[in-house]
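A closer look at the structure
Each chain, written out:
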Amino acid sequence: MERKLAAIMAMDVVGYSRLMGVDETGTFKHLNALLKTRIKPEIKKSGGRIVKLMGDGLLAEFRSVVKAVECASAIQVSVAEAEQKQSEHTRIELRIGINVGDILIEGTDIYGDGVNIAARLEGLSDPGGICISGKVHEEIRDRLNIPFEDLGEKDIKNIERPIRVFRWCPDGVFIERLPLSPVVPTPLPDKPSIAVLPFDNMSSDPDQDFFADGIAEDIITELSRMPWFFVIARNSSFAYKGQAVDIKKVSAELGVRYVLEGSVRKAGGRLRITAQLIDATDGKHVWADRYDREIVDIFDVQDEVTRSIVGAIAPQFLTTEARKARRKDPAKLNAWECVVRGRALLWKFGRDDALEAKKLFERAIELAPSGEFGTSDLALFYFLEAYYRWSDSPQKSLDTMVVVAERAVASDDSDPLALTILSWANTVANRWNEILPPVERAIKLCPNFAPAIGIRGSELALLGRPEEGIEAINAAIRLSPLDGFLPIWMMGLFWANHVLENYEQAVDVAERAIRIAPNNPTFRRQLASAHAHLGQLDQARAAMAEYLRLEPGHTIADGSRVPTKIPEHLARFVEGLRKAGLPE
């Protein structure tokens, strides 16, 4: 390989994944037009060479450091001028980093620390601005009348020594950086709070920077759609890009309890993405996972990994928060803590636990009268109260569930959980034409919200669309295999297989469900009916005996309380219960 000294420019588009999500074709054409008319001509005029284009950015080298900085400044001013008439949602802003150093040349490509530092400096730049290294500043400070602000030495990821950093913005207005020491801790909000740090590109290939940024940006977007999370905006969490960070310091500066960080490494045609969720208040890992993927379509990989990470950490949040709430004095719980403590009790499916959960939900509503906390969960309690006949009037409980669920949506019609619970309330109330619209709106608002995906699958099975139901429920389980809604999904998965007369599969689903929720009597009843249809009467009667032990006194009338739109499917299920020995 050949070596030489060169000035290196790294450039990328701010929020490229968001722009592509809004208008993929339009953004692609828009960026290409800027490259053709504003960016490439300036680089050529300054004697630079574009080494490679990288989706949302580029890497270029220059023989002259002065020319490189002049070029960067001219590009930023020109692009800002061109974008003035664009709306906030379509406007393209660039970040540029410039370093000077020894580089390795292989063919038309360049490598080395000099390149990596330029890429890291680009990540530290403000939108529309430039960051340069101390070496670059030494070369240009007496030659160019461009004001740079000294940010001091910065610890740069994967670079052994600190780098002196200077920054510039075309209008002279700088985004305020996070405070240095001493740090005054920002109070934690009542909701679970998280900062998603920019994922680290562990490859030597700067091309992967845009992919690593895209993963983090998409996770921020998806979590922000869930109103029960407090998510730090991208501009604040990305201020740490390229820096070696202290997680506890991030927590104090941004006022968050949790920090998600990760890395991307490319080897040949494969990508390895790692992610870890950390409770920043004590430094303990809450969750971690690794994703190995073949690179076929980079955006498909990005979407798939984003779905997997969001689907995994959302329920993990709730589990961790519930554990914290259990250790706290009940009299000192805030509204959110009442909700997560109540949910943990409700999902035990026991009458006493559920009644205690109801008190906690009602307390949450008292503490937050706007209905933000606890209302949807209270509606779910009334469903269980009716379904398991914990009240003297199950019909009254179902009616109350519908009223409370409607109240939850009225308080916030963009809350995916409230919409999901309303959809389920419409299901058990046999309001067939009103079932799918709320849950489909929930999925539109929050495409990776596993409870909505799984509940919709169960509803499709009850509506006589079993194949679609199975597909949706399996997708929800892949997203969130430990979700609190899993028992309801499993009920739906059983029903879909029952409708299709796949009784062997129905037995398998019921047995899996019993292992997940051993105290839930519904699955014993389902298992009994499936065994009976297979002619396995001994197993059917044994399962029915377990069901009656958990629900003494239940009869065929109780077994007929399945909210299915298709009477024939219910009649066949009840026939299996009779064969298994459920009394009239």
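Residues numbered from 1 in each chain as written. Predicted model: local features only at pLDDT ≥ 70, side-chain atom pairs only at ≥ 80, totals over all residues. Heavy atoms only, no water.

**Thoughts on the packing of helix α2 (residues 24-45) against helix α3 (residues 65-82)**
Rules: Lines are fitted to the C-alpha atoms to define the axes, a helix being fitted only along its stretch in contact, and any angle between axes, read from their N-to-C directions, falls within 0 to 180 degrees. Note on conventions: DSSP H or I runs of at least 4 residues are helices, E runs of at least 2 residues are strands, and numbering of each starts at the N terminus. Geometric relationships in this document are graded by angle, where less than 35 degrees denotes roughly parallel, more than 145 denotes roughly antiparallel, 65 to 115 denotes roughly perpendicular, and other angles denote oblique. Here a crossing is called left-handed whenever its near helix is offset anticlockwise from the far helix by less than a right angle, and right-handed whenever the offset is clockwise. Residue contacts follow a heavy-atom distance rule, with two residues in contact if any of their heavy atoms lie within 4.5 Å. Each residue is assigned to one of three groups, with Ala, Val, Leu, Ile, Met, Phe, Trp, Tyr, Cys and Pro labelled nonpolar, Asp, Glu, Lys and Arg labelled charged, and all others, Gly among them, labelled polar.
Between α2 and α3, the shortest axis-to-axis distance is 9 Å and the interhelical angle comes to 160 degrees. Taken together, the axes of α2 and α3 are roughly antiparallel relative to one another. In this structure, α2 meets α3 at a crossing whose hand is right-handed. Contacts between α2 and α3 involve L34, R38, I39, E42 and I43 on the former and, on the latter, C71, A74, I75, S78, V79, E81 and A82. Taken together, the residues of the contact of α2 with α3 break down into eight nonpolar, one polar and three charged.

**What about the packing of aromatic side chains?**
The description of an aromatic ring pair rests on the distance of the ring centres and on the angle between the ring planes. Filter applied, for reference: Centre distance within 6.5 Å is the pairing criterion for rings of Phe, Tyr and Trp, where only the six-membered ring of Trp is used; planes under 30 degrees apart are then read as stacked, over 60 as edge-to-face, and the remainder as tilted. Summary of the burial criterion: residues with accessible area below 20% of their type's maximum are buried, those above 50% are exposed, and those between are partly exposed, where the area comes from a 1.4 Å probe applied to protein chains only.
All told, the structure shown has four aromatic pairs when counted by the stated rule. Pairing F381 with Y382 gives two aromatic rings, centres 5.3 Å apart and planes at 70 degrees, and the pair type is edge-to-face. There is no split in this pair, since F381 and Y382 are both buried. Ring centres of F383 and W424 lie 5.8 Å apart, and the angle between their planes is 80 degrees; this geometry places the pair in the edge-to-face category. Of this pair, F383 sits in helix α12 (residues 375-387) while W424 sits in helix α14 (residues 416-428); the two residues are 41 residues apart in sequence, bridging distant segments of the chain. An identical accessibility class is assigned to F383 and W424; each is buried.

**Considerations on the environment of H498**
Heads up, the condition is: In the analysis that follows, any N or O atom pair within 3.5 Å is treated as a polar contact, provided that within protein one partner can donate a hydrogen and the other can accept it, and provided that, for residues neighboring in sequence, both atoms belong to side chains.
Within the element layout of this structure, H498 appears in helix α18 (residues 486-499). Separated by 28 residues in the primary sequence, H498 and Q526 place their C-alpha atoms 9.1 Å from one another. A polar contact is formed between the side chain of H498 and the backbone oxygen of H569, at a distance of 3.0 Å.

**Details of the pairing of strand β8 (residues 163-168)**
Heads up, the rule is: The pairing criterion is simple: DSSP has to find at least two bridges between the two strands.
Within β8, five of the six residues are buried, which leaves the element mostly enclosed by the surrounding structure. Pairing geometry for strand β7 (residues 149-154) and β8, over five bridges, is antiparallel. Note that in β8 the partner of E149 across the bridge is R167.

**Things to note about the nonpolar core**
Quick note on the threshold: Among the buried residues, those of types Ala, Val, Leu, Ile, Met, Phe, Trp, Tyr and Cys that are joined through side-chain atoms within 4.5 Å form a nonpolar core.
F199, L260, W287 and I309 are the most contacted members of the largest nonpolar core, which has 126 residues in total. It is α18 that provides the largest number of residues to this core, a total of ten residues. Ranked by size, the runner-up nonpolar core spans 37 residues in total, among them F62, V69, I75 and V100.

**Points about the pattern of salt bridges**
Keep this limit in mind: Put simply, a salt bridge is a Lys or Arg side-chain nitrogen that is within 4 Å of an Asp or Glu carboxyl oxygen.
Under the definition given, this model contains 29 salt bridges. The closest approach of N and O atoms between K45 and E42, which form a salt bridge, is 3.6 Å. On the criterion of helical spacing, the pair formed by K45 and E42 is a turn pair, its members being three residues apart in helix α2. Take E42: its relative accessible area is 16%, and that puts it in the buried class. The residue R431 makes a salt bridge to E406 at a minimum N-O spacing of 3.1 Å. Highlighted residues: R431 in the loop between α14 and α15 (436-445) and E406 in helix α13 (residues 394-411), separated in sequence by 25 residues.

**A word on helix α17 (residues 466-479)**
What counts is decided by this rule: Here, expected helix span is obtained from the residue count minus one, scaled by 1.5 Å.
Between the first and last C-alpha of α17 there are 20 Å, a value that for 14 residues agrees with the 20 Å anticipated at 1.5 Å per step. Where α17 is concerned, the buried positions are P466, G469, I470, A472, I473, A476, I477 and L479.

**Considerations on the confidence of the model for the protein**
The line we're drawing: pLDDT gives the predictor's per-residue confidence on a scale running from 0 to 100.
Residues with a pLDDT of 70 or more make up 90% of the protein, whose mean pLDDT is 83. Here residues 172-183 scores under 50 on pLDDT; set against residues more than four positions off or in separate chains, the count is 22 contacts.

**Concerning the side chain of K52**
Turning to its location among the elements, K52 is positioned in strand β2 (residues 48-53). By relative accessible area, which is 14% here, K52 ends up buried. In this structure the side chain of K52 is engaged in a polar contact, spanning 3.3 Å, whose partner is the side chain of D109.

**Observations concerning the environment of A7**
For A7, the location among the structural elements is in strand β1 (residues 2-13). For A7, a relative accessible area of 1% gives the class buried. Considered as a pair, A7 and G114 are 107 residues apart in the sequence and their alpha carbons are 8.4 Å apart. For A7, the contacting residues outside a window of four places in its chain are A60, E61, F62, S64, V65, A68, N99 and V100.

**Structural notes on a negative patch on the surface**
Spelled out, the test is: Within this analysis, patches are made of residues with over 30% relative accessible area and no salt bridge. Like charges are joined at 9 Å or less; nonpolar side chains (Val, Leu, Ile, Met, Phe, Trp, Tyr) at 5 Å or less. Where accessible areas are quoted, they stem from the Shrake-Rupley method and a 1.4 Å probe; at the residue level, only the protein chains shown are allowed to cover. Charge assignment in this entry is limited to Lys and Arg as positive and Asp and Glu as negative, and neither His nor the chain termini are counted. Taken as the charge location is NZ of Lys, CZ of Arg, CG of Asp or CD of Glu.
A contiguous patch of negative charge on the surface is contributed by D23, E24, D297, D300 and D303. Looking at the secondary structure, you find E24 in helix α2.

**Some remarks on α13**
Taking 1.5 Å as the rise per residue, α13 with 18 residues should run 26 Å; its terminal C-alpha atoms sit 26 Å apart, in good agreement. Within the span of α13, buried status applies to P394, S397, L398, M401, V402, V404, A405, A408 and V409. Each element contacted by the buried residues of α13 is listed here: α12 and α14.

**Quick notes on the side chain of T375**
Relative to the helices and strands, T375 resides in helix α12. Among the residues examined, T375 registers a relative accessible area of 3% and is labelled buried. The contact partners of T375, leaving out residues within four places of it in the chain, are I365, V404, R407 and A408.

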